[in-house]
Amino acid sequence: MVGGIGSFTTNARVLTPGSMYPYAPILFDYIRRSMPMDRPQTLTANEVYALSAYILNLNGLVPADAVMDANSMPKVQMPNRNAFMVDDRPDAKAVRCMTDCK
Ligand code: HEM
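Residues numbered from 1 in each chain as written. Predicted model: local features only at pLDDT ≥ 70, side-chain atom pairs only at ≥ 80, totals over all residues. Heavy atoms only, no water.

## Topic: the state of the cysteines
Consideration 1: In total, this model carries 1 disulfide according to the counting rule given.
Consideration 2: The disulfide bridge from Cys-97 ends at Cys-101, spanning 2.0 Å between sulfur atoms. Negative torsions about the S-S bond denote left-handed disulfides, and the value of about -105 degrees found for Cys-97 with Cys-101 makes this one left-handed.
Consideration 3: For Cys-101, a relative accessible area of 42% puts it in the partly exposed group. (Disulfide = S-S within 2.5 Å. Buried < 20%, exposed > 50% of the residue type's maximum accessible area, 1.4 Å probe, protein only.)

## Some thoughts on the packing of aromatic side chains
Consideration 1: By the definition in use, this model includes 1 aromatic pair.
Consideration 2: Of note, Arg-13 hangs over the ring of Phe-8, and the distance from its end group to the ring centre comes to 5.5 Å. (Phe/Tyr/Trp six-rings, centres within 6.5 Å; stacked < 30°, edge-to-face > 60°. Lys NZ or Arg CZ within 6 Å of the ring centre and 35° of its normal.)

## So, the coordination of the iron atom of the ligand
Around a metal, the perfect tetrahedron of four donors has angles of 109.5 degrees, and the perfect octahedron of six donors has angles of 90 or 180 degrees.
Consideration 1: For the iron atom of the ligand, the protein supplies a single donor, Met-35 (SD), at a distance of 2.3 Å.
Consideration 2: With respect to the helices, strands and loops of the structure, Met-35 is situated in the loop between helix 2 (25-34) and helix 3 (45-58). (Donors = N, O, S within 2.8 Å, 3.2 Å for Na, K, Ca; no water. Helix = DSSP H or I, 4+ residues; strand = E, 2+ residues; numbered from the N terminus.)

## A closer look at the environment of Met-85
Consideration 1: Mapped onto the secondary structure, Met-85 falls in the segment after helix 3.
Consideration 2: Take Met-85: its relative accessible area is 77%, and that puts it in the exposed class.
Consideration 3: For Met-85 and Ile-55, which are 30 residues apart along the polypeptide, the C-alpha to C-alpha distance reads 25 Å.

## Thoughts on the confidence of the model for the chain
Consideration 1: Summing up the model confidence of the chain, the mean pLDDT is 94 and the portion of residues at 70 or higher is 100%.
Consideration 2: Per-residue pLDDT, averaged within each element of the chain, yields its smallest value for helix 1 (residues 17-20) (95) and its largest for helix 3 (98). (pLDDT = per-residue confidence, 0-100.)

## Concerning a nonpolar patch on the surface
Consideration 1: Together, Met-1, Val-2, Tyr-54 and Leu-58 line one region of the surface with nonpolar side chains, adding up to about 430 Å² of accessible area.
Consideration 2: Here Val-2 is to be found in the segment before helix 1. (Patch = residues over 30% accessible without salt bridge, like charges linked within 9 Å, V, L, I, M, F, W, Y side chains within 5 Å. Areas by Shrake-Rupley, 256 points an atom, 1.4 Å probe, with all protein chains shown as cover. Salt bridge = Lys/Arg side-chain N within 4 Å of Asp/Glu carboxyl O.)

Have a look at this one:
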């Protein structure tokens, strides 16, 4: 969950929210939907913001007294923000489907 920042330019990538996520709200979204894994969606949004702030702080990305909410979280600059590439392979194109999908 902590560390690995900068490791994406090496062969020993360390996958953590701090090293990988391009945008901080992804952390909120991930925890909000799926964590804790044995009891997903039992935390309030405020608790999830607090946990997100804690994890971001452990990664050295926000100060210990940072307040996370829908306004402040998108403003956190994630180190891997500009390192993703657009996947333009024609055979890998995702097709949005909401009903009667293949
Ligand atoms: C409130 C407590 C928890 C928080 C805030 C939390 C947060 C997270 C986050 C942010 C990730 C993604 C890490 C990444 O992208 O590198 C993650 C992954 C994961 N967590 Fe949790 N977690 C919590 C509790 C738990 C518990 C109790 C379990 C097990 C019972 C668990 C099992 C896992 C597993 C297996 C993954 C990897 C899932 C995958 O890669 O598909 N977590 N967690």
